[in-house]
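Chain residues, written in single-letter form:
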Amino acid sequence: MKLSTVLLSSAALLVAGAAYAADLPAKKAAPAAAPTGCAAFGAGYIAIPGGDTCLKISGYVRSNNTYTSNQSRGTAPYSFGGAYGLQFEAANQTEIGAVKSTILIENNATTDANVSFGGFTGGRFDGPFDIGGGYNHSGDNMQNHVGGLKYSAPLGATTLTFAAISSEDNNAGATVASRPDLIAFAETSVGAFTADLGLASHEVISATGSGQGYAGLVKLKYDAGVASFFGYAAYANGATKYLYDGSGRNAINSNTTYVTNDSSADGSNLAAGSFYAGEIDIPIGKNDSIGLYGENLKITQDVKSYSLTQYAVSLKHTIAKGLWIRPEIFADTENGGTTNGAFIRIERDF
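How each quantity is defined
Residue positions are given per chain, counted from 1 along the sequence in the order it is written. Totals for whole chains, interfaces and linings use all residues, but because this is a predicted model, local features are given only for residues with pLDDT of at least 70 and pairs of side-chain atoms are given and counted only at 80 or more. Side-chain measures here rest on the full set of heavy atoms in the structure, leaving out hydrogens and waters. Pairs of cysteine sulfur atoms within 2.5 Å are identified as disulfides in what follows. Each helix is a run of H or I in the DSSP string that is no shorter than four residues. Each strand is a run of E no shorter than two, and both are numbered from the N terminus. Exposure classes here rest on a 1.4 Å probe applied to the protein chains alone. A residue is buried below 20% of its type maximum, exposed above 50%, and partly exposed in between. The salt bridge criterion pairs a side-chain nitrogen of Lys or Arg with a carboxyl oxygen of Asp or Glu, the two atoms within 4 Å. To qualify as a nonpolar core, a set must consist of buried Ala, Val, Leu, Ile, Met, Phe, Trp, Tyr and Cys residues joined through side-chain atoms within 4.5 Å. Only protein atoms enter the 1 Å grid used here, on which a cavity is any set of points holding a 1.4 Å probe that cannot leave and a pocket is any open set flanked by protein within 12 Å on both sides along at least five of seven lines; residues with an atom within 4 Å of a point are listed as lining. Grid points are joined across faces, edges and corners, and a volume is the space filled by probe spheres set on the points. Throughout this entry, Asp, Glu, Lys and Arg are counted as charged residues, while Ala, Val, Leu, Ile, Met, Phe, Trp, Tyr, Cys and Pro are counted as nonpolar. The remaining residues, Gly among them, count as polar. Side-chain rings of Phe, Tyr and Trp, where Trp is taken by its six-membered ring, are said to pair if the distance between their centres is within 6.5 Å; with planes under 30 degrees apart they count as stacked, over 60 as edge-to-face, and otherwise as tilted. Should the NZ of a Lys or the CZ of an Arg lie within 6 Å of a ring centre and within 35 degrees of the ring normal, that charge is described as sitting over the ring.

Visitor: When you look at the state of the cysteines in this model, what are you seeing that I'm missing?
Guide: What is meant by a disulfide is a covalent connection between two cysteines, made through their sulfur atoms. In total, this model carries one disulfide according to the counting rule given. Between Cys38 and Cys54 runs a disulfide, and the two sulfur atoms are separated by 2.0 Å. On the sign convention where negative means left-handed, the S-S torsion of about -85° between Cys38 and Cys54 marks this disulfide as left-handed. You can see Cys38 sitting in the loop between helix H1 (3–23) and strand E1 (46–47) and its partner Cys54 sitting in strand E2 (residues 54–68), a full 16 residues away along the chain. Side by side, Cys38 and Cys54 carry an identical accessibility label, which is buried.

Visitor: Hey, could you run me through the pattern of salt bridges in this one?
Guide: All told, the structure shown has two salt bridges when counted by the stated rule. Taking the shortest distance from any N to any O, the salt bridge between Arg62 and Glu347 comes out at 2.7 Å. On the criterion of sequence distance, the pair formed by Arg62 in strand E2 and Glu347 in strand E17 (residues 337–349) is long-range, its members being 285 residues apart. Grouping residues by exposure puts Arg62 and Glu347 together as buried. A salt bridge links Lys219 to Asp196, with the shortest nitrogen-to-oxygen separation between them at 3.8 Å.

Visitor: Mind showing me how you'd approach the nonpolar core here?
Guide: Within soluble globular proteins, side chains that are nonpolar tend to cluster in buried spots. Core analysis: the largest hydrophobic core is formed by 28 residues, its most contacted members being Phe129, Ile165, Ile183, Ala215, Tyr242, Leu243 and Phe275. The set of elements that each furnish at least two residues to this core consists of strand E8 (158–165), strand E9 (181–190), strand E11 (210–223), strand E12 (228–237), strand E13 (272–284), strand E14 (288–301) and strand E15 (304–320). For this core, the element with the most residues is E12, which contributes four residues.

Visitor: Is there a simple way to explain the layout of surface pockets in this structure?
Guide: Where empty space is left in the structure can be found by rolling a water-sized probe over the atoms. In this model, the second largest pocket occupies a volume close to 210 Å³. In terms of lining, the second largest pocket is formed by 14 residues, of which the most central are Asn114, Ser116, Thr121, Phe125 and Lys150. Broken down by secondary-structure element, the contributors of at least two residues to the lining of the second largest pocket are strand E5 (109–117), strand E6 (120–126) and strand E7 (145–155). Of the residues that constitute the lining of the second largest pocket, the class distribution is three nonpolar, eight polar and three charged.

Visitor: Help me out: how do you make sense of the packing of aromatic side chains in this one?
Guide: Here a ring pair, both rings aromatic, is described through the centre-centre distance and the interplanar angle of the planes. This model, assessed by the stated rule, comprises four aromatic pairs. Arranged with centres 5.9 Å apart and planes meeting at 50°, the rings of Phe41 and Tyr45 form a pair that is tilted. Residue classification places Phe41 among the buried residues on the basis of a relative accessible area of 13%. When the centroid spacing of 6.4 Å and the interplanar angle of 40° are considered together, the rings of Phe117 and Phe120 count as tilted. Of the residues examined, Phe120 reaches a relative accessible area of 46% and is grouped as partly exposed. An aromatic cluster is built from Phe117, Phe120 and Tyr151, whose rings are joined through pairwise contacts. Its end group placed over the ring of Tyr60, Arg62 keeps NZ or CZ at 3.9 Å from the ring centre. Cation over ring: Lys316 sits above Trp324, and NZ or CZ is 4.4 Å from the ring centre.

Shown next as structure tokens:
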């Protein structure tokens, strides 16, 4: 075969091959890397592609339904409602260590918004002086969200927290506190036993003068496996708004005369109050638990007094992962009037 014929045939094959290759589909780009976990910050965090920030998204959706007896004429004995919460937690490692921030939105309002690093937290957060416990018919376990600055430091089995928070008072106009509330809090755990101790200093202001108020709180928990036991005790003098009860209410919302020292210019006429509560949680099988709860709240000032006693029994049943239902029956005696009722919550956590 002539050389010219071989060369022409080879050239034809090359052209045909190039044309065939052009007809083939273009090679797909490599898929984007899937988000990976961030073990250093705990379960639920994922790494955001393209950066060094880890993000955790969680929340809840609730159906709250209540029937209350002994309602006054013109007031419905039942209520149906819903609630939601959506929380974002972002974290990353920096040259000063881990930096974290939290945003919690509940029912179209910002409940928490804070940044923390090196033990410091600034913004809006769960108050370290919270009284826990309680059941659902009036709300959640008490979460007293406050704005301020706090510092927490571990000391062996004990964590110490010091905070300056917005004054726990509805001061307004001429009755504005000149300083924030100051809080010292200690939490220690030994085996199945946990103890919390809190102290708060509060400046009480009225139109005629000011006084020094304070509050103290003790919380005890013991987990025996077959049941968990909780105890709460608090006392306040002039800082009675710290006496939140476990159902989410507080005496100040019922009687605003306890906010200030009324007519005393030297702080000698401050309202004083006490709060006691006990709680038992008993697991039943794999998905159920029974809760028993009781509390007593009392505030006095001169001849005025406010009292609240509450008892509740609830059953929490987990229907599926992240989905549970909690029926409850309760009895409240507030300033001598007794109310009985039933509550049921359906909640999905994610």
